[in-house]
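Spelled out, the chains give:
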Amino acid sequence: NKISDLADMPRFLVEYCPLLRNLSLANNELSVIPPALGVLRSLASIDLRGNPQRGIRPGILDRNATEILSYLRGRMNEEELRGLEAKVAGASLPAKDPSSSAEDNTAAAEGEKRVEELKKSIEEVTMQLNNVHLTEAKKYAMKKTLRMHKAALIKEERRNKGR
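Keep in mind the model is a prediction, meaning the values are calculated, not measured.

1. Description of the packing of aromatic side chains
Inspection of every chain in the model, using the stated rule, returns one aromatic pair. Residues Phe-12 and Tyr-16 carry aromatic rings whose centres are separated by 6.1 Å and whose planes lie at 25 degrees to one another, so their mutual orientation is stacked. Taken as a pair, Phe-12 and Tyr-16 lie in helix H1 (residues 9-16) at a separation of four residues, close to a single helical turn. Sitting above the plane of the Phe-12 ring, Arg-11 keeps its charged end 4.6 Å from the centroid.

The structure is reproduced here in structure tokens:
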């Protein structure tokens, strides 16, 4: 492939394919990987490796889909993230009465679920760090992952307080 610019593709994927499971944009000519792809939480796999972009280190692109998407979401500002997530929720869920509190409960439940996922992830990385057979480079990478997860946890907890 020779795709060099995704243009509006992330926005269209968010709006029209919110339940997309696999996305491979590997070995193209992408100079920029849009953070908006991070909103596609339904992705079970995402492959962005082999592109000449310089905004994301290759080590991050070698991670699993959940970590890559979390990283991409972390590069978005709050307003942009909320707007895209609202589009995903609106596209993947049936229309609801905007005055109902069911949406608020759903958002709160999703926020709590995300907090629990992050706590579990932090616990897993912490357990892996206890392995005495890790190289210094791997320890460094895992500590950085741990810090990113902790920062995401703090961010999500703050977001939940505002709901």
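Moving on from the coordinates now.
2. Describing the pattern of salt bridges
Under the definition given, this model contains 10 salt bridges. One salt bridge connects Lys-155 with Glu-78, and the closest N-O pair in it is separated by 3.8 Å. In this pair, Lys-155 is assigned in helix H6 (residues 136-161) and Glu-78 in helix H4 (residues 78-92), connecting sequence segments 77 residues apart. Since its relative accessible area comes to 28%, Glu-78 is described here as partly exposed. With a closest N to O distance of 3.9 Å, Glu-136 and Lys-139 form a salt bridge. One end of the pair, Glu-136, and the other, Lys-139, are both in helix H6, three residues apart, so they sit about a helical turn from each other. Owing to a relative accessible area of 59%, Glu-136 belongs among the exposed residues under this scheme. Owing to a relative accessible area of 24%, Lys-139 belongs among the partly exposed residues under this scheme.

The rules behind each value
- Residues numbered from 1 in each chain as written.
- Predicted model: local features only at pLDDT ≥ 70, side-chain atom pairs only at ≥ 80, totals over all residues.
- Heavy atoms only, no water.
- Phe/Tyr/Trp six-rings, centres within 6.5 Å; stacked < 30°, edge-to-face > 60°.
- Helix = DSSP H or I, 4+ residues; strand = E, 2+ residues; numbered from the N terminus.
- Lys NZ or Arg CZ within 6 Å of the ring centre and 35° of its normal.
- Salt bridge = Lys/Arg side-chain N within 4 Å of Asp/Glu carboxyl O.
- Buried < 20%, exposed > 50% of the residue type's maximum accessible area, 1.4 Å probe, protein only.

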